[in-house]
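Here are the chains, one letter per residue:
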Amino acid sequence: MKAIRRFTVRPVLPEPLRPLSDLARNLRWSWHAETRDLFQSVDPERWAASGGDPVRLLGSVRPARLAELAEDRRFLRRLTAVADDLNDYVTGDRWYQTQTAELPAAVAYFSPEFGITAALPQYSGGLGILAGDHLKAASDLGVPLIGVGLLYRHGYFRQTLSRDGWQQEHYPVLDPHELPVAPLREADGTPADVCLALPGGKQLRARIWLAQVGRVPLLMLDSDVEENDLGERGVTDRLYGGGSEHRLLQEMLLGIGGVRAVRTYCRLTGHPEPEVFHTNEGHAGFLGLERIAELCSEGLDFDSALEAVRAGTVFTTHTPVPAGIDRFDRELVARHFGPDAELPRIDVGRVLQLGMETYPGGEPNLFNMAVMGLRLAQRANGVSLLHGKVSREMFSGLWPGFDPEEVPITSVTNGVHAPTWVAPEVFRLGARQVGAQRTEDALTVGGSDRWDAVGDITDQDIWELRRNLREQLVTEVRERLRASWRQRGAGTAELGWIDGVLDPDVLTIGFARRVPSYKRLTLMLRDRDRLMDLLLHPERPIQIVVAGKAHPADDGGKRLVQELVRFSDDPRVRHRLVFLPDYGMAMAQKLYPGCDIWLNNPLRPLEACGTSGMKAALNGCLNLSVLDGWWDEWFQPDFGWAIPTADGVGTDPDRRDDIEAAALYDLLEQRVTPRFYERGQEGLPDRWIEMVRQTLTLLGPKVLAGRMVREYVERLYAPAAHAHRTTDPDSAREIAEWKARLRAAWHGVAVDHVETTAATATAELGTTLGLRVRVALGDLGPDDVEVQAVSGRVDEEDRITDATAVPLKPAGGPDPEGRWAYEGPLSLDRTGPYGYTVRVLPAHRLLASSAEPGLVALPSEEVVEAAGVLLR
């Protein structure tokens, strides 16, 4: 019989055990080993059955066992110690509190998904795991962050396989009362909520749930409340599900509702109001509109409010391809804003302007969330050095007249939260070497360039650690594979072969990630005979563990999964190549440490960063990867191997895959497997162990989320907070009026004449030329602009590369025709073909960069012909 109503019945903890409730409700347990050990000791069997979730554990433990623990003095001492440690962690000073620079009082961090723990399944892939690691690292560092997201009643889907290997999706219903979250409550005890206006006089209400991530509150909005109609209740049903309007409503709730939730949380708790708003990908871009509306209600005009909002906003883009960005039909967006819907006092035309692709090659009828994110943020970044470069090229249309390298998008390379992803055995080895506290500090705060103490760990200890982790992975894989085959319909009698799957002494390769086509799940199958030879080599075999989910709507991705599953079902290789369904955080935490090699073979440069290899590296796993994302930035032969790429523009995609797959097989045959199996005098793979040591010593400190968050604080949050404080209402009006005057007058700005003291087309290194320029400024004055000489080496088409810009000084004017003279020196500091040009840029003390307004005046062709100088 089916229940007509469902309740969550919570245990009543005896008074001495009350701290267990607080420990269970703070998600720090997900990365704090002592807290997890304490919960495990409550009831080891039920802990395993609960999937390591303290809330579920406490909901199932027998009252008699609780009464027994309440009298257990040893357990109570441990409980007191762990509870005191959490209190010290949450209230004590950390890295952020020791900084002398003026830092923001608070930062609001918006993301559509957060991967904190498997017990709170609100993530689909890398973006969510990165957001979760960002929150955890901010907590460890003491950064006053407020996380903002949605609470999806079905989370992301659970994946199983059919008998023939086709991906099947399941959407288990999540009851918030069974999750480690609590409703945010008003002073009178009623649940706090937010409300959005919808077309036709309808409303969308959402409850605010609070997850405590160490020191960081995470606010999650849930539309499944009784006040909503059925359609509105389903807005937060699934992560990345539904059609276009469904996604738009999710993103309006995340951005607009999220700002309202932050205001409510600060009002109820006294938390400082955020000075900086960080938009993690375009999904949350509407947060800027809500903040503009707030300022307009306080008396600012739209343009001034826009400037004030931009000053304190940071936008992070995670996609290297336009197809990865959410874009909506402009009519759909227009219907949801304006007098009859949300933000009624803001002109719909101004809303649409922010997201329209008004640049060459853009789609004029589409509203682009990333474009809006960039227009609403004064500071923007990609997530690796290469991705920053790709982003500057991809979005250069928003800054016409500027070379891509001058587009104001910087990069902060992602990192991973070491306490979450480092195996306990790896941590214990470090603690044995330098002490638990130093090891914890090294993994959280970071700050050093090298972990030299790794050099003192013996080869024997490193090798025993690696074999132990591999052995644990073999056990885990067999359990998961058996469960998967049972789901696929196999009987126990058919599954005896699983006891022989994988070998703890064989080189183990891991490949686990989402399954879009560009990540090339099946590249390893390109030449199946060569792969079989590698898997079944008599002296130097390899074994591969693969996992990954295709998006439910991506049949192409599902076909790739099926192709790989069918190959792994072949009795000849099934003991050496395994596909594990339902990849998630719990699986990943076993997979990264147990692998010797982490394989990554995306189409370059389509991997923005790719953090899975970082998590593997922190456990002493070596990377074998295409030079994309973070690996392009930090690869050294000491850390692993680079798969050569064939990414020339003329390469046919099929031929490219053939070339790169062949390069992968060659590396495995000739370089990787010989090094793993080659033994030194002590019977150990000395050269392999040295690569593990170098990975931990030199790569470990770089890949930390602590390093990443410190970079965000120093390079983006602190300048954004300073700009926010500087851009008060009067300054906001000043910069808005100046920009309006600038745009109206820019057509009158021109470079009229350029002359130089160079008499010939050759010169000697170290020579200084005199440069004199006449510019027309129209209705602007010298205070509104900067005139620059830009010089550097030139290529075959006379384009300046590696340019240096030097401001020229006013030297008189205006003349009778209204032109101003500028002059300055031009130092010839490089040999070879050399050239220069002159340009006029806007200048104002409140600009974050001179490229910000997207305006530049360059010499006309006539001026270039009369005065352009190239030095050969």
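Analysis parameters
- Residues numbered from 1 in each chain as written.
- Predicted model: local features only at pLDDT ≥ 70, side-chain atom pairs only at ≥ 80, totals over all residues.
- Heavy atoms only, no water.
- Helix = DSSP H or I, 4+ residues; strand = E, 2+ residues; numbered from the N terminus.
- Rg over C-alpha atoms; globule rule 2.2 N^0.38 Å.
- Buried < 20%, exposed > 50% of the residue type's maximum accessible area, 1.4 Å probe, protein only.
- Contact = heavy atoms within 4.5 Å.
- 1 Å grid on protein atoms, 1.4 Å probe; cavity = no way out; pocket = protein on both sides within 12 Å on 5 of 7 lines; lining within 4 Å.
- Points joined across faces, edges and corners; volume = space filled by probe spheres on them.
- pLDDT = per-residue confidence, 0-100.
- Salt bridge = Lys/Arg side-chain N within 4 Å of Asp/Glu carboxyl O.
- Pairing = 2+ DSSP bridges.
- Nonpolar A, V, L, I, M, F, W, Y, C, P; charged D, E, K, R; others polar.
- Polar contact = N/O pair within 3.5 Å; in protein donor to acceptor, adjacent residues only side chain to side chain.
- Axes fitted to C-alpha atoms, helices over the stretch in contact; angles between N-to-C directions.
- Parallel < 35°, antiparallel > 145°, perpendicular 65-115°, else oblique.
- Left-handed = near helix turned anticlockwise from the far one by under 90°.
- Core = buried A, V, L, I, M, F, W, Y, C linked by side-chain atoms within 4.5 Å.
- Patch = residues over 30% accessible without salt bridge, like charges linked within 9 Å, V, L, I, M, F, W, Y side chains within 5 Å.
- Areas by Shrake-Rupley, 256 points an atom, 1.4 Å probe, with all protein chains shown as cover.
- Lys, Arg positive; Asp, Glu negative; His and termini not counted.
- Charge placed at Lys NZ, Arg CZ, Asp CG, Glu CD.
- Phe/Tyr/Trp six-rings, centres within 6.5 Å; stacked < 30°, edge-to-face > 60°.
- Lys NZ or Arg CZ within 6 Å of the ring centre and 35° of its normal.
- Expected span 1.5 Å × (residues − 1).

Caption draft 1: Molecular detail of the overall build of the protein. Scanning the protein from terminus to terminus reveals 29 helices and 28 strands. Here the C-alpha radius of gyration of the protein, 29 Å, is about what a compact globule of 872 residues would show, namely 29 Å. A burial count over the protein gives 57% of its 872 residues as buried. Intrachain contacts of the protein at a sequence separation of at least 6 include 73% that bridge at least 24 residues.

Caption draft 2: Representation of empty space enclosed by the protein in the model. Within the structure shown, the criterion is met by six cavities of 30 Å³ or more. As a volume, the largest cavity reaches approximately 90 Å³. Lining the largest cavity are 14 residues, with Leu-481, Trp-485, Ser-568, Asp-569 and Phe-579 sitting closest to its centre. Listing elements by their share of the lining of the largest cavity, those giving two or more residues are helix H19 (459-487), helix H21 (555-568) and strand S17 (577-580).

Caption draft 3: Spatial organisation of the confidence of the model for the protein. Across the protein, the average pLDDT comes to 93, with 97% of residues at or above 70. In the predicted structure, residues 868-872 sits below a pLDDT of 50 and forms 25 contacts with residues beyond four places in sequence or in another chain.

Caption draft 4: Representation of the pattern of salt bridges within the structure. Scanning all chains against the criterion turns up 69 salt bridges. Between Arg-467 and Glu-471 there is a salt bridge, with its nearest N and O atoms 3.2 Å apart. Taken as a pair, Arg-467 and Glu-471 lie in helix H19 at a separation of four residues, close to a single helical turn. Arg-467 sits in the partly exposed class, given a relative accessible area of 26%. Among the charged side chains, a network of salt bridges with common partners joins Arg-520, Arg-526, Asp-654, Arg-656, Asp-657, Asp-658 and Glu-660.

Caption draft 5: Representation of the pairing of strand S22 (residues 768-776). Judged from the six bridges that link them, strand S21 (residues 750-756) and S22 form a sheet pairing that is antiparallel. Residue pairing across strands places Ala-750 opposite Ala-776, the latter belonging to S22. As judged from the nine bridges shared by S22 and strand S26 (residues 819-827), these two strands associate in the antiparallel manner. Within S26, the residue paired with Val-775 across the bridge is Trp-820.

Caption draft 6: Here's a closer look at the layout of surface pockets. Its boundaries defined by the atoms lining it, the second largest pocket holds a volume of some 940 Å³. The wall of the second largest pocket is formed by 34 residues, among which Arg-310, Arg-375, Arg-743, Glu-852 and Pro-853 lie closest to the centre. Elements with a contribution of two residues or more to the lining of the second largest pocket: helix H11 (302-311), helix H13 (348-355), helix H14 (369-375), strand S13 (379-382) and helix H28 (729-745). Ranked by residue count, the leading element in the lining of the second largest pocket is H11, at five residues. Of the residues that constitute the lining of the second largest pocket, the class distribution is 18 nonpolar, seven polar and nine charged.

Caption draft 7: A look at H11. Counting buried residues along H11, nine of its ten residues qualify, which places the element largely inside the surrounding structure. Where H11 is concerned, the buried positions are Phe-302, Ser-304, Ala-305, Leu-306, Glu-307, Ala-308, Val-309, Arg-310 and Ala-311. N-cap assignment for H11: the residue whose side-chain oxygen lies 3.3 Å from the backbone N of Asp-303 is Asp-301.

Caption draft 8: Local environment of the packing of H11 against H28. Interhelical geometry of H11 versus H28 gives an angle of 115 degrees and a closest axis separation of 8 Å. Viewed along their axes, H11 and H28 adopt a mutual orientation that is roughly perpendicular. Relative to H28, H11 is oriented so that their crossing is right-handed. In this structure, H11 contributes Asp-303, Ser-304, Glu-307, Ala-308 and Arg-310 to the contact, and H28 contributes Ala-732, Arg-733, Ile-735, Ala-736 and Lys-739. Tallied by class, residues from the contact of H11 with H28 come to four nonpolar, one polar and five charged.

Caption draft 9: Up close: the nonpolar core. Among the nonpolar cores identified, the biggest contains 105 residues, and Met-524, Ile-544, Ile-597, Leu-624, Trp-641 and Trp-688 are the most heavily contacted of them. The contact partners of Ile-597, leaving out residues within four places of it in the chain, are Leu-507, Thr-508, Ile-509, Gly-510, Cys-621, Leu-622, Leu-624, Trp-641, Val-672 and Trp-688. Among the nonpolar cores identified, the runner-up in size contains 60 residues, and Leu-248, Leu-254, Tyr-265 and Phe-328 belong to it.

Caption draft 10: Region of the structure containing the packing of helix H10 (residues 287-297) against H11. Their axes nearest at 9 Å, the elements H10 and H11 cross at an angle of 125 degrees. Taken together, H10 and H11 sit at an angle that is classed as oblique. Note on packing geometry: the crossing formed by H10 with H11 is right-handed. Contact with H10, carried on its side by Gly-288, Arg-291, Ile-292, Leu-295 and Cys-296, involves Phe-302, Ala-305, Leu-306, Ala-308 and Val-309 of H11 and no other residues of that element. When its residues are assigned to classes, the contact of H10 with H11 shows eight nonpolar, one polar and one charged.

Caption draft 11: Quick look at the sheet that holds strand S20 (residues 640-643). Ordered by their spatial adjacency, six strands build an open sheet running S17-S16-S15-S18-S19-S20, and the pairing between neighbours is parallel. Looking along the sheet, the strands with just one partner apiece sit at the ends: S17 and S20. When the angles between neighbouring strand axes are averaged without regard to direction, this sheet yields 20 degrees. Sheet topology note: the strand S15 (residues 507-512)/strand S16 (residues 542-547) ladder contains six bridges and is parallel. Bridging across to S16, Phe-511 finds its partner in Val-546. Against the sheet, H19 makes contact with S15, S16 and S17, and its axis sits at roughly 60 degrees relative to S17, the strand it touches most. Taken strand by strand, H21 contacts S16 and S17, and its axis lies near 135 degrees from that of S17.

Caption draft 12: The side chain of His-278, seen in detail. On the secondary structure map, His-278 appears in strand S9 (residues 276-280). Judged by its relative accessible area of 0%, His-278 is buried. What His-278 contacts, discounting residues up to four positions off in sequence, is Val-107, Ala-108, Tyr-109, Phe-110, His-134, Val-314, Thr-316, Tyr-712 and Tyr-717.

Caption draft 13: Local environment of a positive patch on the surface. A surface patch of like charges, here positive, comprises Arg-73, Arg-74, Arg-77 and Arg-78. Structurally, the position occupied by Arg-77 is in helix H6 (residues 73-91).

Caption draft 14: Spotlight on the sheet that holds S21. Read across the open sheet, the four strands follow the order S21-S22-S26-S25; overall the sheet is antiparallel. Only two strands of the sheet have a single neighbouring strand rather than two, namely S21 and strand S25 (809-812). Looking at each pair of strands side by side, their axes are set apart by 30 degrees on average, direction ignored.

Caption draft 15: Spotlight on the environment of His-844. The topology assignment puts His-844 in the loop between strand S27 (834-842) and helix H29 (861-867). Between the C-alpha atom of His-844 and that of Val-785, which follows or precedes it by 59 residues, the distance is 7.7 Å. Beyond its immediate chain neighbours, meaning those up to four positions away, His-844 contacts Glu-734, Ile-735 and Trp-738.

Caption draft 16: Representation of the packing of aromatic side chains in the model. This model, assessed by the stated rule, comprises 19 aromatic pairs. With centroids separated by 6.0 Å and ring planes inclined at 15 degrees, the aromatic side chains of Phe-286 and Phe-367 adopt a geometry described as stacked. Within this pair, whereas Phe-286 is found in the loop between S9 and H10, its partner Phe-367 is found in strand S12 (residues 366-368), the two being separated by 81 residues in sequence. With respect to burial, Phe-286 and Phe-367 carry one shared label: buried. Cluster of aromatic residues (ring-pair linked, three or more members): Trp-463, Trp-641, Phe-676, Tyr-677 and Trp-688. Here the basic side chain of Lys-549 rests over the ring of Phe-157, its NZ or CZ set 5.0 Å away from the ring centre.

Caption draft 17: Examining H21 more closely. When the terminal C-alpha atoms of H21 are compared, their 20 Å separation across 14 residues agrees well with the 20 Å that a helix rising 1.5 Å per residue should span. Its side-chain oxygen 3.2 Å from the backbone nitrogen of Gly-556, Asp-554 forms the N-cap of H21.

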